[in-house]
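# Structural characterization, general
Listed here are the chains, written in short residue letters.
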Amino acid sequence: MIEILRRMLRSPQGLLGLVIVGLIMLVVVVGPAFAPHDPEKMAPLMRYKPPSAQFWLGTDQYGRDILSRLLHGARATVLLAVLATALGTLVGAVVGTVSAFLGGRSDEAIMRTVDAIMSIPSLLLALLIVNLLGKSSLNALFAIALAFAPGMARVTRSVALSVRKQDYVNAAIARGESAAFIVGREMLPNVIAPIIVEMTIRVAFAVMLFATLSFLGLGAQPPASEWGLMVSEARRFMHLSPWMILWPSLAVALVAIGFNLLGDGLRDVLNPRS
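Conventions adopted
Residues numbered from 1 in each chain as written. Predicted model: local features only at pLDDT ≥ 70, side-chain atom pairs only at ≥ 80, totals over all residues. Heavy atoms only, no water. Helix = DSSP H or I, 4+ residues; strand = E, 2+ residues; numbered from the N terminus. Buried < 20%, exposed > 50% of the residue type's maximum accessible area, 1.4 Å probe, protein only. Contact = heavy atoms within 4.5 Å. Areas by Shrake-Rupley, 256 points an atom, 1.4 Å probe, with all protein chains shown as cover. Lys, Arg positive; Asp, Glu negative; His and termini not counted. Charge placed at Lys NZ, Arg CZ, Asp CG, Glu CD. Salt bridge = Lys/Arg side-chain N within 4 Å of Asp/Glu carboxyl O. Polar contact = N/O pair within 3.5 Å; in protein donor to acceptor, adjacent residues only side chain to side chain. 1 Å grid on protein atoms, 1.4 Å probe; cavity = no way out; pocket = protein on both sides within 12 Å on 5 of 7 lines; lining within 4 Å. Points joined across faces, edges and corners; volume = space filled by probe spheres on them. Nonpolar A, V, L, I, M, F, W, Y, C, P; charged D, E, K, R; others polar. Expected span 1.5 Å × (residues − 1). UniProt positions renumbered as here; feature names shortened; annotations may be inferred. Axes fitted to C-alpha atoms, helices over the stretch in contact; angles between N-to-C directions. Parallel < 35°, antiparallel > 145°, perpendicular 65-115°, else oblique. Phe/Tyr/Trp six-rings, centres within 6.5 Å; stacked < 30°, edge-to-face > 60°. Lys NZ or Arg CZ within 6 Å of the ring centre and 35° of its normal. Left-handed = near helix turned anticlockwise from the far one by under 90°.

## As for the overall build of the protein
Along the protein, the regular secondary structure elements total eleven helices and zero strands. In sequence order, the protein lays out its α and β elements as α-α-α-α-α-α-α-α-α-α-α. In terms of its C-alpha atoms, the protein occupies a principal-axis envelope of roughly 75 × 45 × 25 Å. By residue count, 45% of the 274 residues in the protein fall in the buried class. Looking at the protein alone, contacts between residues at least 24 apart form 70% of all its contacts between residues at least 6 apart. In the structure as shown, the protein presents an accessible area of about 13800 Å², 68% of it carried by carbon and sulfur atoms. Of the side-chain charges in the protein, 23 are positive and 16 negative, and the distance between the mean point of each set is 2 Å.

Have a look at this one:
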């Protein structure tokens, strides 16, 4: 682990990704404690105020401090994206590993099903699922997780196929170990590296998907301070206060860039050829 961290620090992409993601996680953990104002407090006399000493990023259409809402909304946006990606990764990794272990017609049936689901764009699939489950942040989390699972299954299977041929797997089969034991103890731990890289990169897409669903009114609901919802509410007032849409949009973009850079750095570090 220490060696991986050292190699990440020597990689420009990895170092920049670590710094950005580290700062984002710091905001997620302690950001709300440093919010200068109550994010839900409305002040009609302070509507559409530009950035100033009192309101560093300005105020919105209800007079609420934008900086405070961004700091509070980081937890709703980033944490839900990470949880959705982790859940989708777990489901996809198990499906892909089981498929590689079973082989034959079972593998063929599972992968053809995965291919059929992957033919639907992630955003469209998430929209369909949210429409079926209902509008809420929790349902958006499940929708994004299910949308990511097929891709993760395909990535995991491609690695697990080579692991399936290893001697330690054959030895476990010869000992009469159960399929659950072989998949969970012998195969999954040995396909974890590419899964971590793919998961890190997909967090960026999850953040953008969450923002998109909230922007369309299918994710977080008012008066939540989720960044996508803030962008959705601000678009009607761009002519009065462009900073209302600027800051949450930049926040979403920064998170996406940070996790993409971190994923690229991890991919280079964990590549056996590097």
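Next, the rest of the story.
## Re the pattern of salt bridges
The final tally for this structure, using the stated rule, is twelve salt bridges. Note that Arg202 and Glu198 form a salt bridge whose closest N and O atoms lie 2.9 Å from each other. Here Glu198 and Arg202 lie together in helix 9 (residues 192-215), a separation of four residues that amounts to about one turn. Classification of Glu198 as partly exposed rests on a relative accessible area of 22%. Each member of the salt-bridge network shares a partner with another, and the members are Glu40, Asp60, Arg64, Arg69 and Glu233.

## Describing the environment of Ser68
Examined against the element boundaries, Ser68 turns out to sit in helix 3 (residues 66-102). Expressed as a C-alpha distance, the spacing of Ser68 and Ala35, which sit 33 residues apart in the sequence, is 4.7 Å. Looking at Ser68, its side chain comes within polar contact range of the main-chain nitrogen of His37, at 3.0 Å.

## Notes on empty space enclosed by the protein
Following the criterion strictly, the structure yields one cavity of 30 Å³ or more and no others. In this structure, the largest cavity spans a volume of roughly 70 Å³. Around the largest cavity, the lining residues are Asp60, Gln61, Arg64, Ile66, Arg69, Met230, Glu233, Ala234 and Met244. For the lining of the largest cavity, the secondary-structure elements that each account for two or more residues are helix 3 and helix 10 (227-234). Its residues assigned to classes, the lining of the largest cavity shows four nonpolar, one polar and four charged.

## Description of helix 3
Counted at 1.5 Å a residue, the expected span for helix 3 with its 37 residues is 54 Å, and the 53 Å between its end C-alpha atoms agrees. At the C-terminal side of helix 3, Gly103 shows a positive phi close to 65°.

## Observations concerning the UniProt feature "transmembrane region" (unreviewed entry) in the protein
The positions UniProt marks with the feature "transmembrane region" (unreviewed entry) are residues 15-35, 78-102, 114-134, 140-156, 195-220 and 240-263. Taken end to end, residues 140-156 is 100% helix and 0% strand, and its two terminal C-alpha atoms sit 24 Å from one another. The distance separating the terminal C-alpha atoms of residues 240-263 is 38 Å; by composition the span is 88% helix and 0% strand.

## Side note on the side chain of Asp107
If you trace the backbone, Asp107 turns up in helix 4 (residues 104-118). Classification of Asp107 as buried rests on a relative accessible area of 8%. Residues in contact with Asp107, not counting those within four places in the same chain, are Ser99, Ala100 and Arg157.

## A word on the packing of helix 3 against helix 4
The contact between helix 3 and helix 4 brings their axes to 7 Å, and the two run at 150°. In this view, helix 3 runs roughly antiparallel relative to helix 4, as classed from their interaxial angle. Of the residues in helix 4, those touching helix 3 at Val95, Ser99, Ala100 and Leu102 are Gly104, Ser106, Asp107, Ile110 and Met111.

## Some details on the packing of aromatic side chains
In this structure the tally under the stated criterion is one aromatic pair. Geometry around Phe148 places Arg202 over its ring, the cationic atom sitting 5.5 Å from the centre. In this structure, Arg235 packs its charged tip against the face of Phe215, placed 4.7 Å from the ring centre.

## Notes on the packing of helix 3 against helix 8 (residues 179-187)
Describing two packed helices takes the angle between their axes plus the distance from one axis to the other. Remark: helix 3 packs on helix 8, axes separated minimally by 10 Å, with the N-to-C direction vectors making an angle of 115°. In this structure, helix 3 crosses over helix 8, and the sense of that crossing is right-handed. Of helix 8, the residues touching helix 3 (which contributes Thr97, Val98 and Phe101) are Ala179, Ile182, Val183 and Met187. Of the residues belonging to the contact of helix 3 with helix 8, the class tally is six nonpolar, one polar and no charged.

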